[in-house]
Every structure is written in C-alpha cells, then in structure tokens.
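Residue-level structure breakdown
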Amino acid sequence: MSLSSSISTTSGQDYKNFIAGQWRASRGGETFISTNPARTSDIIGSYQKSTVEDLEDAIEAATQAQKGWAATPAPERGEVLFRLARLFEQQRDELATLMTREMGKILKETLGEVQVSIDVAKFIAGEGRRPEGETIPSGLPNKFCMTVRHPLGIVGIITPWNFPLAIPVWKTLPALLAGNAVVLKPASDTPALTLKLAELLQQAGLPDGVLNVVTGGGGTLGNALASHKRVNMISLTGSTEVGRQVSEICGRDLRRCALELGGKNAVIVLEDADLDLAATSVAMGAFGTTGQRCTATSRVIVQRSVQQAFTERLAAAAERLHIGDGLDSQVEMGPLVNTGRVPAVHAYTEIGQQEGAKLVYGGTPLTEDAYQEGAFYKPTIFNEVSPEMRIAREEVFGPFVAVMPVAGYEEAIAVANGTEYGLSTAIFTENSRLTFRAIRDIEAGLVYINAGTTGSEIHLPFGGMKSSGNGHRELGSYAVEEFSETKSVFVSYPPAK
C-alpha cells in the first residue's frame, strides 16, 4: 500500500506505522491527532499511539533485514539515497507545505529544510563510494595492516519536532549507508514528514524492514527503545534533561549513544561591529523558526558603548516582523509549535520582569483577530540582563532574546562561556586579532564570525560541547563514522616453507 493515499495536505488523514515495509495500525488501537498551530481547527491527521508491542515488531523487522542490507555493497546503498534525493526534488513544494501546516514555520524556511534534506541525501549517497578505512604500514615483516568499517546493527533514532524532515534525514541516511537497520520514533507534534520519508525511501528501493517508523509518546516508546537489548545505538536530538535520561539508560548496557541537545547560544557584539549587520543577524537567529531551534540566538552580549544603539536596531527589526500563518508568503515569523508552548514562553517573560530585567519589546501572546486560533507570541527582547538571571541561563525555546551589557572582550567571553551549554556562539567585530582569539576562547562546537548562531552547512560536522551534547558529531564525513565501528585487520604472509 502506498502512503500517498493516506498522506496529503488535506485535513484529517489517517497515518499508520511503517513496519517491515507495510503500513500498520497499532496493536493497541489508539490514535492521537496533530493540528496546525496557526489554526488549531485544521487537523493534519491522526497517528498511531503505538505500544511497546508495536516497537517490538519494528525491532524484529529491523533485525531480520539488517544482515542482508549490510551485505549490499556500499555504493549500491548510496544509490538508494541518491534516488531519494531526486524524489525530494520532485515533491519539494508538497513536502514544504505539509511541514508548514504541521509545524508552523514559514514556507521560506520549510522550503529551505527540504533543500537541506536534498543536499544531505546527495552528500551521504556519495559517501558510499569514498574509502572508509586506511592501509597502515606494519612494524613487522611480511605483514599487512588496514582498518575497515563495520555496521553497528540496529540503530534507534529519536527526533524532535522543530526540523521534522531534516533531522530524521541527517540521522537516518548515514545510519543506513553504514549498513545498519533503523527504528525511528518522531516527535508527536510532527510525525507526518518522517512517515513521508519512509514512503519515499521505499519508493527509492530500500528493502523492507531496513527502516521502520513508529509514532507515539516519548515516555513509553523512547525509554523502551533506549533500553532494548537488541538496539545497538541510540541517536537523540532533544532537551538536555531527556538526553541525560537516555544516556543513563544506554550506559547501563554500555550502548553507544549520540546526543544533540540544548543550547543557550550567544552573540557577542563588540563596539567596532557593523551594528546593522549584527542586529539583522540576531533578529534572524532569535526569531527565525519562532526561536525554536537548538542554535537559536537567545543571548546578546554587547559592549556597553554600543548597547543602546544596538538594542534600538534590534527592537526595530522585531517590530517590522510580519507574524502569521506560515502559508502566507508575506509572513516572516509563524506560530509556536502548539498552544501549550505559549504559556511556557510567557512564563519566562514574567520571570524576566520579576528578576529586574528591562522589557524592551514584546512579551505578550497574540490572541486577537487572525491570531485567535493559533499559538502566536510576540518576539520578545529583554535588556539589562545579568548572567545570574534565569532568562540568561535557561533555554526558553521561543522568540525570546536577552541583551547583556559587558565592558569589553574579556568579560564578553567569560559571560558567553558561563553557562552549562556550548552549542553555538557568534562574535561581531572588525578586529582580526580578536577574531582569532575568539575562535580559540569560545567554548562551543559551532563558532560564527560576523554571522548569527544559525546556518550550519551539511558538509561540516554539527554538535556541541558541555551539556549541549556528548561529543558526537552529525553531518559531514563524520556522520557515517558515528554509525559504524572500526576494525583493525592484520594480515600475515610469511614465506612458504
């Protein structure tokens, strides 16, 4: 059965799990719905509220399929991914529209996310024809040494709602190319694009059972997947709190665990910076995707001599933003992912006011007229924020930015590094000496010079330091290595007697 009959951009579609190449209802018979956060009366569809029994079926299917897939030559595995890229290209507009309806971000961003997925598919497909090991001279005569890559087996992948196609793609495809089978659990707010990924991979020629998708609650399925004895690796993108829990579960069995977690990302603006460029970049980083990115700009550490001039420019940029339904091509910022996120973000506005920070702009839900049926919140800017305040330390995950004044470079670096996170940090300066000092001094996996904290490229490694991850990197040539083991091989060929 083709999923195209059950996934479309009309309301109320019935979505099934994808197990062993078939679309299956949950054994428990329960479903849940996902709605458009810009218009909650628009029901995207109903999804399977899967049980542990459904997960067992998926893991069994993956187990049965994995060895045959691993025996498939790597270039042939890459060809499947290249065909997937072509299918993405053919359905670019359909995928972007479905993503905007289910997740809320604007069409410009969802079209960009589909393009990222195309680029990742092409890049990882090419990895199938690149050497994956080394030949190394032996220290002994008549001996040959080399390394080869070996698949892990079954990989469990847990993905978030903010990039519902790109993150499943950039985890799943390198796992598949390495010869693994995958059990994938998407976030309950945005399962449709992951199911669409499964459909398109099947059309591209992926054998049945190599990818399996189950939908449902993270508390039930996530813990069961992370603790399952037949799952050899877990790859998770989510909050730091959830990452710690998953890491503890995996650690009991010494199971490999790759974590991409939260951030409290900072932009440093020094007095010699191009303030117009800095303000524009911060506005994009803080309010793009409605602030719902792990790399979103949430702190601006600005030198006091330009604090007022910068803050005025940032507030003006926020005020100019056209907020609304992401399907409207004129809209520049869409809703939060669900209505529950509105009070969660507003709670931080109240915290900031209680802590004594100065509210410069925003700080209120949008509920009137065209906004009354959606999860909208005004872009929010606080000034005069000090490092000990909660709004300077905790991840808000909304259109919310804290401006923090400092005396100069040294204090700026200390403040930027002074959180538990270390994902993405940027600095705006025309001083080349400070640029190279910043590259050395910043404690983050991603460092940007005269650019915002967002906008990674797919051929470079992605990941954070400290509590933003556990040292693993995604994307780039590192990606396939993350999903495989290295074998050292020693071949002796002594003279015949």
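Read on for a plain summary of the structure. It should be emphasised that the depicted structure is a prediction, and the values quoted were computed from it without experimental measurement.

**Section: the packing of aromatic side chains**
- One pass over the full model with this rule turns up 7 aromatic pairs.
- Summarising the aromatic geometry, the rings of phenylalanine 382 and phenylalanine 400 are spaced 5.5 Å apart at their centres and angled 35° between planes, so their arrangement reads as tilted. In this pair, phenylalanine 382 is assigned in strand β18 (residues 380–383) and phenylalanine 400 in strand β19 (residues 400–406), connecting sequence segments 18 residues apart. Across the pair, exposure class does not vary: phenylalanine 382 and phenylalanine 400 are buried alike.
- Connected via pairs of aromatic rings, a cluster forms that spans Tyr15, Phe32 and Tyr47.
- Lying over the aromatic face of phenylalanine 163, lysine 105 brings its terminal NZ or CZ to 3.7 Å of the ring centre.

**A closer look at a nonpolar patch on the surface**
- A cluster of nonpolar side chains, contributed by Phe144, Val491 and Tyr493, occupies part of the molecular surface with about 280 Å² of accessible area.
- For tyrosine 493, the position within the fold is in the segment after β24 (484–492).
- On the basis of relative accessible area, tyrosine 493 is assigned to the partly exposed category, the value being 46%.

**What to know about the nonpolar core**
- Membership of the largest hydrophobic core comes to 94 residues, with the highest contact counts inside it found for Leu201 and Phe310.
- With 8 residues, helix α5 (residues 166–177) is the single largest residue contributor to this core.
- Those residues in contact with leucine 201 that lie beyond four places of it in its chain are Val80, Leu81, Leu84, Leu173, Leu176, Leu206 and Leu211.
- Within the second largest apolar cluster, 32 residues are counted, among which are Ile268, Leu270, Phe400 and Ala416.

Definitions and cut-offs
Residues numbered from 1 in each chain as written. Predicted model: local features only at pLDDT ≥ 70, side-chain atom pairs only at ≥ 80, totals over all residues. Heavy atoms only, no water. Phe/Tyr/Trp six-rings, centres within 6.5 Å; stacked < 30°, edge-to-face > 60°. Helix = DSSP H or I, 4+ residues; strand = E, 2+ residues; numbered from the N terminus. Buried < 20%, exposed > 50% of the residue type's maximum accessible area, 1.4 Å probe, protein only. Lys NZ or Arg CZ within 6 Å of the ring centre and 35° of its normal. Patch = residues over 30% accessible without salt bridge, like charges linked within 9 Å, V, L, I, M, F, W, Y side chains within 5 Å. Areas by Shrake-Rupley, 256 points an atom, 1.4 Å probe, with all protein chains shown as cover. Salt bridge = Lys/Arg side-chain N within 4 Å of Asp/Glu carboxyl O. Core = buried A, V, L, I, M, F, W, Y, C linked by side-chain atoms within 4.5 Å. Contact = heavy atoms within 4.5 Å.

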